[in-house]
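# Descriptive analysis of the structure
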Amino acid sequence: MVSDRASAGTLVRQQTLKNSIHCSGVALHSGAKVNMTLHPAEANTGIVFRRTDADGGSEVQALWSNAVETPLCTTLVDVRGNQIATIEHLMSALSGCGIDNAVIELNGPEVPIMDGSAAPFVFLIECAGVTLQDSPRRAIRILSETTVSEPHRSATLSPGAGYTVGFDIDFGDTLIGQQEWFTEVTESAFKRDVARARTFGFVQDIERMRAMGLARGGSLDNAIVVNGQEIMNEEGLRYGNEFVRHKVLDSIGDLYLAGGPIIGHFQGDKAGHALTLRLLNTLFADTEAWEWAEIAVSSGQAASVQPDRAVAARA
């Protein structure tokens, strides 16, 4: 993502938080209360999650290679098998705000859901403040199209001058119906057009999900609930097409598991967390499909740098 802060004629530099900041909230799937603290980190650290409640400690970098497919959320697993789940909204906020380096401490296995969007995490980042670091920011430039698909759904990364995301959804004869949306991913566009879009679900799925141990912390305070042609939330929608915007929000968070911002276009067609993770696995398995690049601020273009092919994420 090309930073809105950058001045002409320079390379975008890495950013971290200026101060640590704390919050607490309910975990969407377990229903447990979770305390979380976002800390600054040194340049080239990346985004690191740390569980303070795990025996012997638990730390894992937020990379596609440390993620596993789980129902309805994005989950990291450390070398001991400790999980940190539902990271996608926080990751989306970190990506959208241009935070390259941070340590996220939690006293449980799941990031708090807050209001079901990325906006509370954007607010935390803004309250903590953002500071530039000496090292240049590196992005993953997409060189050739990569697609993964299943029946009736697909996810694609293709070359592009900046970072753009498009998404299509189709929920049949429900109130949601068919929606499609496209956005350029910049800090200002993310905060204005993406961050406030909430996660959503259907009344008829709630009991089944809870029987599976999912959505036990879900409520009208942290999700849009749809019942056929009706929205159960009294306040209604934040955007007319909030549902597809939330899918874009999820995609931006999941794609940040690449280890840096993307230079290229992502297109999701009814895709979800699992398919986006498979897309990243497929992309990094093909060393001709991507390269590292440093972002040249003056024109919004990216100058190529020699990629380290031995490391399929942050070097």
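Residues numbered from 1 in each chain as written. Predicted model: local features only at pLDDT ≥ 70, side-chain atom pairs only at ≥ 80, totals over all residues. Heavy atoms only, no water.

Turning to the sheet that holds strand E3 (residues 33-40), a few remarks are in order. A sheet is described by the order of its strands in space; here five strands give the open sequence E2-E3-E9-E4-E5, paired in mixed fashion. Two strands lie at the open edges of the sheet, namely strand E2 (21-26) and strand E5 (58-61), each paired on one side alone. Taken over all neighbouring pairs, the strand axes of this sheet differ in orientation by 20° on average, direction set aside. Relative to E5, strand E4 (residues 47-51) is paired through four bridges, and the arrangement is antiparallel. Looking at the pairing, Arg 51 lines up with Ser 58 of E5. Packed on one face of the sheet, helix H1 (residues 88-96) meets E3, E4 and strand E9 (102-106) and runs near 145° to E4. (Pairing = 2+ DSSP bridges. Helix = DSSP H or I, 4+ residues; strand = E, 2+ residues; numbered from the N terminus. Axes fitted to C-alpha atoms, helices over the stretch in contact; angles between N-to-C directions. Contact = heavy atoms within 4.5 Å.)

Before going further, it helps to spend a moment on the packing of H1 against helix H5 (residues 242-255). Closest axis-to-axis distance for the H1/H5 pair is 7 Å, and the angle between their directions is 80°. Judged by the angle between their axes, H1 and H5 are roughly perpendicular. Judged by residue contacts, Glu 88, His 89, Met 91, Ser 92 and Ser 95 of H1 engage His 246, Leu 249, Asp 250, Ile 252, Gly 253 and Asp 254 from H5. Across the contact of H1 with H5, the residue classes break down as three nonpolar, five polar and three charged. (Parallel < 35°, antiparallel > 145°, perpendicular 65-115°, else oblique. Nonpolar A, V, L, I, M, F, W, Y, C, P; charged D, E, K, R; others polar.)

Read these as layout, nothing more, since geometry by itself doesn't imply function.
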